[in-house]
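One letter stands for each residue in the lines below.
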Amino acid sequence: MRLLLGGVFVWASLYKILDPSAFAGVIANYQLVPDALVNGFAVTLPWLELVLGCFLIFGVWLPGAVVLINLLLLVFLGALMFNVARGLDIHCGCFTSDTIGNPKTTSYLIHDAALITVAAYLLFKVVIRNNT
Amino acid sequence: MKKGQKRNWRVAVWQSGAIVSLAVIIGLLTNHWRPDKLPLVADHATGNPSSVDAIDDGLRISLEEAQSLFFAQAALFLDTRSREFFELGHIQGARSLPLEDFEERFGEVLRDIGPDMFIITYCDGNSCHSSELVALELLEKGCMNVHVLDEGWTLWQQHQLPTAAGPPLDPNDHTTAY
């Protein structure tokens, strides 16, 4: 479970680190972050994902990493759901900065919910039961 | 909450703070030293550059013009977002023609529409280019009056113009308003 979730976070961070400009466009498109903060998020959030993914894979600071991953996934899910609710047909930007074609929002909502289930299990195991 | 759990949460909190700080420091330093450095503050209100933005601005139509044509029933509105978003809400009388279904559904959706009909395509958001791509496809297919309403759905809602929800109506139903 740890390796799976860590791998997903590392994989998701790579394109964002390689192309922060495209990722900034994705964040701006969510229309949730003030313009002035978009680039700041674009240059730091991917590194947070990478660090969290690596920490999860190598078992470093697990309680902190698991709590943050749960928070991040909830924020991502909330942002997607919020935009669906207000009818914005935006691209997730989760694993690619490609903004052409069908955003496949429903599919990403399901992926995110599945990842949250895994993350919640880890939270229970690592923080609540303290069984690493 | 048990004592052990409380301690775990305390550990999780300080570790979370440390991890966020570490990521922010790495992110800022990496950005500072990379050749394609991103300015930390930039204006994204005009959208991000992309190859599709190179499309001739002559295609674009203002909300005011689109609105006049709508009330005069002098234009057909084509919603190029995915079907699920069309069903959640769309410009009243618009027809659904998502980019990914263009080749398959073009003939059916525009069956009763002449080549000189005024067509306005729209989608939503800064990164949505399907309205432009569908407009270009329509021009290639011989439609002569095709225009794009940028961020159409958001603007239309913001100005409280007539909207509808539900599945697309049968394009062969000639009572469909547009």
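Residues numbered from 1 in each chain as written. Chains lettered and ligands numbered in written order. Predicted model: local features only at pLDDT ≥ 70, side-chain atom pairs only at ≥ 80, totals over all residues. Heavy atoms only, no water.

Turning to the overall build of chain A, a few remarks are in order. Scanning chain A for helices and strands turns up five helices and zero strands. In chain A, the order of α-helices and β-strands from amino to carboxyl end is α-α-α-α-α. Counting only residues that meet the buried cut, chain A has 53% of its 132 residues in that class. Restricting to contacts in chain A with at least 6 residues of sequence separation, those with at least 24 account for 69%. For chain A, the accessible surface area stands at approximately 5600 Å², while carbon and sulfur atoms represent 72% of it. (Helix = DSSP H or I, 4+ residues; strand = E, 2+ residues; numbered from the N terminus. Buried < 20%, exposed > 50% of the residue type's maximum accessible area, 1.4 Å probe, protein only. Contact = heavy atoms within 4.5 Å. Areas by Shrake-Rupley, 256 points an atom, 1.4 Å probe, with all protein chains shown as cover.)

Attention now goes to helix α2 (residues 63–71) of chain B. All names here are of chain B. Leu63, Ala66, Leu69 and Phe70 are the residues of α2 that are buried. When α2 is viewed along its axis, its buried side chains cluster within an angular range of 130° and face the same direction. Summarising the geometry of α2, the exposed residues directed more than 90 degrees from the buried face are Glu64 and Phe71. Against β1 (76–79), β2 (90–91), β4 (118–122), β5 (145–149) and α6 (152–158) lie the buried residues of α2. Count one or two residues on from α2 and you reach glutamine 73, which has phi positive near 50°. (Arc of directions from axis to C-beta.)

Before going further, it helps to spend a moment on helix α2 (residues 20–30) of chain A. Residue and element names in this part refer to chain A. Within α2, ten of the eleven residues are buried, which leaves it mostly tucked inside the rest of the structure. All buried positions along α2 are accounted for by Pro20, Ala22, Phe23, Ala24, Gly25, Val26, Ile27, Ala28, Asn29 and Tyr30. Just downstream of α2, glutamine 31 is the residue with a positive phi angle, here 55°.

This part is about the confidence of the model for chain A. In the predicted model, chain A carries a mean pLDDT of 84, and 85% of its residues have values of at least 70. Averaged pLDDT values for the elements of chain A fall to 82 in α2(A) and rise to 92 in helix α3 (residues 35–58) of chain A. (pLDDT = per-residue confidence, 0-100.)

A complete count under the given rule lists eight aromatic pairs over all chains for this structure. Between the aromatic rings of A:Tyr15 and A:Phe23, the centroid separation amounts to 6.3 Å while the plane-to-plane angle is 85°, which identifies the pairing as edge-to-face. The pair formed by A:Tyr15 and A:Phe23 is uniform in burial state, with each residue classed as buried. Considering the side-chain rings of B:Phe70 and B:Trp156, the 5.1 Å spacing of their centres and the 75° angle between planes classify their relative orientation as edge-to-face. Of this pair, B:Phe70 sits in helix α2 while B:Trp156 is found in helix α6, placing the two residues 86 residues apart along the sequence. Residue class for B:Phe70 comes out buried when judged on its relative accessible area of 8%. (Phe/Tyr/Trp six-rings, centres within 6.5 Å; stacked < 30°, edge-to-face > 60°.)

For the rest of this paragraph, the subject is the pairing of β1(B). Residue and element names in this part refer to chain B. Neither face of β1 is exposed, since Leu76 and Leu78 on one face and Phe77 and Asp79 on the opposite face are all buried. Bridge count between β1 and β4: four bridges; the pairing is parallel. Bridging across to β4, leucine 78 finds its partner in threonine 121. Pairing analysis gives two bridges linking β1 to strand β3 (residues 95–96), with the strands arranged parallel. By the bridge assignment for β3, aspartate 79 is matched with serine 96. (Pairing = 2+ DSSP bridges.)

In the case of a regular strand, side chains alternate between the two sheet surfaces. All names here are of chain B. Of all the five residues making up β4, four are buried; the element is thus mostly covered by neighbouring parts of the structure. Relative to β5, β4 runs parallel, the two being bridged by five bridges. The residue of β5 that forms the bridge with phenylalanine 118 is asparagine 145.

What follows concerns the nonpolar core. Core analysis: the largest hydrophobic core is formed by 46 residues, its most contacted members being A:Leu5, A:Leu48, A:Leu52, A:Leu56, A:Ile69, A:Leu73 and B:Ile19. Listing elements by their share of this core, those giving two or more residues are α1 (2–18), α2, α3, α4 (62–85) and α5 (105–128) of chain A together with α1 (3–33) of chain B. Here B:Ile19 is in contact with A:Leu48, A:Val51, A:Leu52, A:Phe55, A:Trp61, A:Gly64, A:Ala65 and A:Leu68, once residues within four sequence places are set aside. By size, the runner-up hydrophobic cluster in this structure holds 18 residues, among which are B:Leu97, B:Phe102, B:Leu138 and B:Cys143. (Core = buried A, V, L, I, M, F, W, Y, C linked by side-chain atoms within 4.5 Å.)

What follows deals with the interface of chain A and chain B. On the side of chain B, 48 residues touch chain A, which itself brings 46 residues to the contact. Buried surface at the junction of chain A and chain B, both sides included, amounts to about 3800 Å², of which 63% is carbon and sulfur. Counting across the chain A and chain B interface gives zero salt bridges. At the junction of chain A with chain B, the criterion picks out six residue pairs in polar contact (both at pLDDT 80 or more). The leading source of residues in the side of chain A that touches chain B is α3(A), at 13 residues. For the side of chain A that touches chain B, the class distribution of residues is 27 nonpolar, 16 polar and three charged. (Buried area = accessible area lost by both parts, 1.4 Å probe. Salt bridge = Lys/Arg side-chain N within 4 Å of Asp/Glu carboxyl O. Polar contact = N/O pair within 3.5 Å; in protein donor to acceptor, adjacent residues only side chain to side chain. Nonpolar A, V, L, I, M, F, W, Y, C, P; charged D, E, K, R; others polar.)

Moving on to unusual backbone geometry. Most peptide bonds take the trans configuration, and most residues that are not glycine carry a negative phi. Backbone geometry places A:Trp61, a non-glycine residue, at a positive phi of 45°. Here A:Trp61 is to be found in the loop between α3 and α4. Since its relative accessible area comes to 32%, A:Trp61 is described here as partly exposed. Phi at B:Gln160 takes a positive value of approximately 50°, unusual for a residue other than glycine. Position of B:Gln160 among the secondary structure elements: in the loop between α6 and β6 (163–164).

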